[in-house]
Amino acid sequence: MAAAKVLFSGAVEGDLPGLFKKVEAVNKKNGPFEALFCVGQFFGPGADTDEPNDALVAYVTGQGSIPVPTYFIGGFGAGSHAILEALPAAKAALKYLGRSGVTVVNGLNVAFLDGTYNHALFTGRGEAPPPSPVCRHYTQDDVGLLKSQLKALEGEVDILLTCEWPRGLTTGLQGELPAGYRAASAGSNIVSELVALARPRYHIAGGEQLAYARPPFAHRDLGAGQRVTRFVGLATMAHPGKAKSLHALGLTPAAAMEPEALGAVPEGCTPSPFELRQAKREADELTAPSDFNRWSGVGPGGQAKRPRREAGAAPAAIEGKADVPRDPWATVVVKNLPWAAGEPEIVAFFAQAGKVVNVWRGTNARDGRVQHFTHVQFEGREGAEAALRLHDTDMGGRRVFVEPSTAGTAGMGRHARDADGAGGGGGGGEAGVAGKPVDGCWFCLGSVAADTELVASVGEEVYLALDKGQITPEHVLLVPIDHHPCSVALSAGCFAEVERYVSALRSLYASLGRELVAFERHLSLRNKGGNHCHINLLGVTPAAGRRAEEAFRSAAAAAGYQLEHIPAPPRGTGPDELLKQLKTAVGGPDSEYFMALLPDGSRLVRPLMRGERWPMALGREVLADLAGAPERAAWKACALTPEEEAARVERFKQLFKPYDIMAGEE
Ligand SMILES: [Zn+2]
């Protein structure tokens, strides 16, 4: 079969006359082309239910000339609803591909997903946008349908069309990134997953304000040979800088190609960025928090506790439902279940507390052994509360133990946690003795490992230091002088001092036209005396400040976590009152958690349940994105010489002096 000549266009945004004029010219010069595929928003700005304008209607009735048969996604925008309804019956050479699926055009297998990611709509949680009759945002059903069609597909995907770029497209890529591309926040993880699954020969996407052709990347050989994807991102037609919005290809259908040609790896080909990302994520999960590697150059390396052998048949793993967002507050941890209890028995037993929506018992990532505890998630939080009252009651002849899902996570250590048996954990505190300096702890001021050069202000119980790999020159850490695991475990006095420093920094940032954004993560460690509390703080522009909440939320959502919003404490709230609230919000002082502080003083919180793994780099990636420097999320991009560091500390001290709560006491 000969190569099919096809054209692709970025977002048309309602300018069909403009599109077809351009296509006609290209067609005359380099054609004839057999098909035109449009990605990105096809209709103009406005409501989906608007009346379509006459120019649009003309293409449906056949009065407008369509030079090349045209297939589009991005079927939303002004007049889209009426046009999409009229098109199937019309004889126009204009076809809407649909919400999602795989179709054949001129012998080419074309997979497509219309719409963009919307967190509330996709997860069914939070405030969803008003309903639309067209596919403005795809749903889990749309993605599920496409995935099942991809799995059932015989042969290869020639073309994948989406209205979003895949998140992480440039991961692992050497050299310059395309100008204006925000690697940490651009695109969607759903699309990345689809690319990894579909392994298309070409992925054409719209949705960003730029055009970019990535060097080709190779997918892992899954048995049928290597596959290579070429990504082409197309700008909107109306791009002010005239970035490329049209792309032409001569494409022989995979079905007509020799296997060797199909698996050929071109020069300059890179590994798949999505597999790299996945591998990196897995590696992150298996190593200690980067702080410890970074500061001391030594990994944890401690021997994990050997899992205890239990007599009798091992319980089976239960996968749980992937489409139910996990909610620590609606979930309990159950131990000592009867061996024979499977999901139906567990659901039946806990029905007396409330409606069970999910049950999962995972396997240990390292040795594949089944966990000795089971998570049971209820429809509402009352269910979990009621379930706690079933603690130490009889189920099938055994006493079952029921605990809050976050209880004691901090006491279990990051790495030995999964191996802990039924008797493990339970809030034993972290390995170190809180308050005593810990050898080798970078944050203990008294320890030899401490980098005291970076300290900018020392209070009574708290100090302020520049981050070792600053994202911006005002990126600092607040750290208790003594070795405490997290801010909610601080004494009232120490916490109050943290709050005073935060408010001083807020004033400093305000003087620079910036707003304060911060985060803290408490992931416990078994060695080094456990985690030493440190809060990352940064000043961002008001515009970035406004999108901070969404940035944290979507980064967390991409990792499968939903953040809980804690409103700003009312004026006059004392630090001890706030400390009490936060302690409850994170699931107690012995819970692991992630907490972000937003410019308005409100917080986003997610306590971690047993067996959950928070992405190590998440907080830093969001800060770097908000600071407009996503490339600085990587530590190594931020390394300074000791002289540069000293100069930065000096400069920051000068800047901070008018606000320093310790100023004048020297
Ligand atoms: Zn320490």
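Details of the structure are given in the entry above.
Reading the values: rules and limits
Residues numbered from 1 in each chain as written. Predicted model: local features only at pLDDT ≥ 70, side-chain atom pairs only at ≥ 80, totals over all residues. Heavy atoms only, no water. Helix = DSSP H or I, 4+ residues; strand = E, 2+ residues; numbered from the N terminus. Contact = heavy atoms within 4.5 Å. Areas by Shrake-Rupley, 256 points an atom, 1.4 Å probe, with all protein chains shown as cover. Buried < 20%, exposed > 50% of the residue type's maximum accessible area, 1.4 Å probe, protein only. Donors = N, O, S within 2.8 Å, 3.2 Å for Na, K, Ca; no water. Tetrahedral: all angles 85-135°; square planar, octahedral: opposite > 155°, others 65-115°. 1 Å grid on protein atoms, 1.4 Å probe; cavity = no way out; pocket = protein on both sides within 12 Å on 5 of 7 lines; lining within 4 Å. Points joined across faces, edges and corners; volume = space filled by probe spheres on them. Nonpolar A, V, L, I, M, F, W, Y, C, P; charged D, E, K, R; others polar. Core = buried A, V, L, I, M, F, W, Y, C linked by side-chain atoms within 4.5 Å.

K.L.:
Could you clarify how one ought to interpret the overall build of the chain in this entry?
P.N.:
Within the chain one finds 17 helices and 26 strands. Taking as baseline every contact in the chain between residues at least 6 positions apart, the subset at least 24 positions apart corresponds to 75%. Carbon and sulfur atoms make up 52% of the accessible area of the chain, which amounts to about 28,500 Å² in all.

K.L.:
Help me out: how do you make sense of the environment of Gly-206 in this one?
P.N.:
For Gly-206, the location among the structural elements is in the loop between strand E8 (202-205) and strand E9 (212-213). Overall, Gly-206 belongs to the buried group, its relative accessible area being 0%. Along the primary structure Gly-206 and Gly-233 are separated by 27 residues, whereas in three dimensions their C-alpha atoms are 5.7 Å apart. When near neighbours in sequence (up to four residues on either side) are disregarded, Gly-206 contacts Val-39, Gly-40, Thr-162, Cys-163, Glu-164, Trp-165 and Leu-234.

K.L.:
Help me understand the coordination of the zinc ion, please; the structure alone is not making it clear to me.
P.N.:
In an ideal octahedron of six donors the angles at the metal are 90 or 180 degrees, and in an ideal tetrahedron of four donors they are 109.5 degrees. The zinc ion binds to the protein through Cys-441 (SG), Cys-444 (SG), His-483 (ND1) and His-532 (ND1), with metal-donor distances spanning 1.9 to 2.3 Å. Because the angles between the 4 donor atoms bound to the zinc ion fall within 102 to 118°, the donor set is best described as tetrahedral. Counting residues between consecutive donors of the zinc ion along the chain gives the motif C-x2-C-x38-H-x48-H. Using a relative accessible area of 0% as the deciding quantity, one classes Cys-441 as buried. Residue Cys-444 is classed as buried on the basis of its relative accessible area of 1%.

K.L.:
Before we go on, may I ask you to explain empty space enclosed by the protein in this structure?
P.N.:
In this approach a probe as big as a water molecule rolls over the atoms, and the regions it shows empty are the leftover space. Counted according to the given criterion, the structure contains 6 cavities of 30 Å³ or more. Of all the elements in the fold, those that place two or more residues in the lining of the largest cavity are helix H12 (492-511), strand E22 (515-522) and strand E25 (593-597). Ranked by the residues each element gives to the lining of the largest cavity, the list is headed by H12, at 4 residues. Along the lines of polarity and charge, the residues of the lining of the largest cavity split into 10 nonpolar, 1 polar and 3 charged.

K.L.:
Any chance you could explain the nonpolar core here in plain terms?
P.N.:
As a rule of thumb, nonpolar side chains are buried together in soluble globular proteins. Grouped together as the largest cluster of nonpolar side chains are 74 residues, with contacts concentrated most on Phe-37 and Leu-161. Apart from the residues within four sequence positions on either side, Leu-161 is in contact with Phe-8, Phe-37, Val-39, Ile-73, Leu-97, Val-110, Ala-111, Phe-112, Leu-113 and Ile-204. Counting residues in each nonpolar core, the second largest holds 48 residues, with Val-438, Cys-494, Phe-495 and Tyr-509 among its members.

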